[in-house]
Amino acid sequence: MRAAARPDLAAIWRRTRALSQERGQDPAEVLAVERLSHLSGVEPGRIPQVLAGTADETPLERRVHQRFLRLRATRRDKHGREWPLAAIAEDFAAPGASLGPLNAGTGLPRMGHAAGVQRFFGVYAGFLLADSKSAVERALALSATTVSDGRDDLEHLSYLTGMTPQAIRLTLDGRPPRLPLKEQVHLRFEHLRRTRVREDGQPHSLAAIARSFDASGQSLTRLAQGEGLPNLAAAAGIQRFYGVEGGFLLADDTEALSTALALIEGELESTVRDRENPMLAVLRAHDVRSIVTRAGRLSPQGWKSLADHLDDLLAREGQLGAPGTKGGTPTEDGAAEGETP
């Protein structure tokens, strides 16, 4: 079968509500509309309709535009101001004007630019756009709540992420592969075709995939050959065809809200998951050890630069400044590629 069934949001909602009560947390706060909106990018007023399954789907171009505006409105800099387009685009070596059509709602960004925007604001990038580290972390969170089908853990993670077992091992060891976006998207597209096949066991043809979003098979030829990136609409169509997550900018409201609820559910179960899933604990241990080791070699000026950078990063993700720092130094509490149409 080509695609997974749509998520049962009502069931996820009930499970998350019950879990929050078991953890002694107020379900009204855990499942607050504003919180779900912040995590998913779905406008607060649409949340009840999406949960009820009555929301009309927003066209892709308008949806991406609205979510970009919401990112800028809710993930501000450390001074509380919206990030200028130039600052966002500079993060992925592009001019601010390249985001003008996206900001104005007059066009979709290039796929590389969409990846850059999502990375800048710290939101999940989706199956095709996620870097190795976020893809594995996401798959670990998902696999912790699914029933094992008897496959080896690395094989299952490979199925979920589109990464090879060797790449997963490297990532868990704190050395994630750094592939150019074009190569990464090509490899994951081929992984989808190889692992999500027709009922007769053969890969879906390029024509069948493209036909699902009203395009021609030739539009995917360069992607299949590893010679170019699809445009954003084609990427959304491919992901929808295979039933994988579309990411923050690409996901429709049901998928985005399902992701938000899964994240909340994961937070509530984090203690249990860390104990039951040693791979996640290993990943976090490598992250912490690497950060602490390198930060320990910084000068006082380096500490200040690190603190300023963390404040900026936390502000982008809608969080308060880092505790345990004062004046940029540790305190007693803690140390501080072209597209094809």
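Thresholds applied
- Residues numbered from 1 in each chain as written.
- Predicted model: local features only at pLDDT ≥ 70, side-chain atom pairs only at ≥ 80, totals over all residues.
- Heavy atoms only, no water.
- Helix = DSSP H or I, 4+ residues; strand = E, 2+ residues; numbered from the N terminus.
- Buried < 20%, exposed > 50% of the residue type's maximum accessible area, 1.4 Å probe, protein only.
- Areas by Shrake-Rupley, 256 points an atom, 1.4 Å probe, with all protein chains shown as cover.
- Phe/Tyr/Trp six-rings, centres within 6.5 Å; stacked < 30°, edge-to-face > 60°.
- Lys NZ or Arg CZ within 6 Å of the ring centre and 35° of its normal.
- Core = buried A, V, L, I, M, F, W, Y, C linked by side-chain atoms within 4.5 Å.
- Contact = heavy atoms within 4.5 Å.
- Salt bridge = Lys/Arg side-chain N within 4 Å of Asp/Glu carboxyl O.

### Remarks on the overall build of the protein chain
- Across its full length, the protein chain carries 20 helices and 4 strands.
- Among the 341 residues that make up the protein chain, the fraction classed as buried is 42%.
- Carbon together with sulfur atoms contributes 52% to the accessible area of the protein chain, which is approximately 17200 Å² in total.

### Examining the environment of R222
- Along the chain, R222 turns up in helix α14 (residues 221-224).
- On the basis of relative accessible area, R222 is assigned to the partly exposed category, the value being 36%.

### What about helix α15 (residues 232-242)?
- Of all 11 residues that make up α15, 9 are buried, and the element is covered over most of its length.
- Along α15, the residues classified as buried are L232, A234, A235, A236, G237, I238, Q239, F241 and Y242.
- Of the residues flanking the end of α15, it is G243, one or two places downstream, whose phi is positive at about 75 degrees.

### A closer look at the packing of aromatic side chains
- Tallying each qualifying case throughout the model produces 3 aromatic pairs.
- With centroids separated by 5.1 Å and ring planes inclined at 90 degrees, the aromatic side chains of W83 and F120 adopt a geometry described as edge-to-face. Linking W83 in the loop between α5 (60-74) and α6 (85-90) with F120 in helix α8 (residues 111-121), this pair joins segments that are 37 residues apart in sequence. Grouping residues by exposure puts W83 and F120 together as buried.
- Between the aromatic rings of F120 and F121, the centroid separation amounts to 5.0 Å while the plane-to-plane angle is 80 degrees, which identifies the pairing as edge-to-face. An identical accessibility class is assigned to F120 and F121; each is buried.
- Taken together, the ring pairs in this structure connect W83, F120 and F121 into an aromatic cluster.
- Over the face of the ring belonging to Y159 we find R196, whose NZ or CZ atom lies 3.9 Å from the ring centre.

### Notes on the nonpolar core
- Within the largest apolar cluster, 37 residues are counted, with the highest numbers of intra-cluster contacts made by I88, L99, L220 and I238.
- Among the elements of the structure, α5, α6, α8, α12 (181-195), α13 (206-211), α14 and α15 are those that each provide at least two residues to this core.
- With 7 residues, the top contributor of residues to this core is α15.
- Counting residues in hydrophobic clusters, the runner-up holds 12 residues, among them L9, I12, L36 and V42.

### Looking at the environment of R70
- Residue position: R70 is located in helix α5.
- On the basis of relative accessible area, R70 is assigned to the buried category, the value being 14%.
- Spatially, the C-alpha atoms of R70 and H38 are 8.3 Å apart, while their sequence positions differ by 32 residues.
- R70 has contacts with E34, S37, G41, V42, E43, P44 and R75, leaving out every residue within four places of it along the chain.

### Side note on the pattern of salt bridges
- The full count for this structure, using the stated rule, is 7 salt bridges.
- Linking R70 and E34 is a salt bridge whose minimum nitrogen-to-oxygen distance equals 3.7 Å. Within this pair, whereas R70 is found in helix α5, its partner E34 is found in helix α3 (residues 33-40), the two being separated by 36 residues in sequence.
- For E34, a relative accessible area of 52% gives the class exposed.
- With a shortest N-O distance of 3.9 Å, D77 and R81 are connected by a salt bridge.
- Among the ionic contacts, a cluster of salt bridges with common partners joins E34, E43 and R70.

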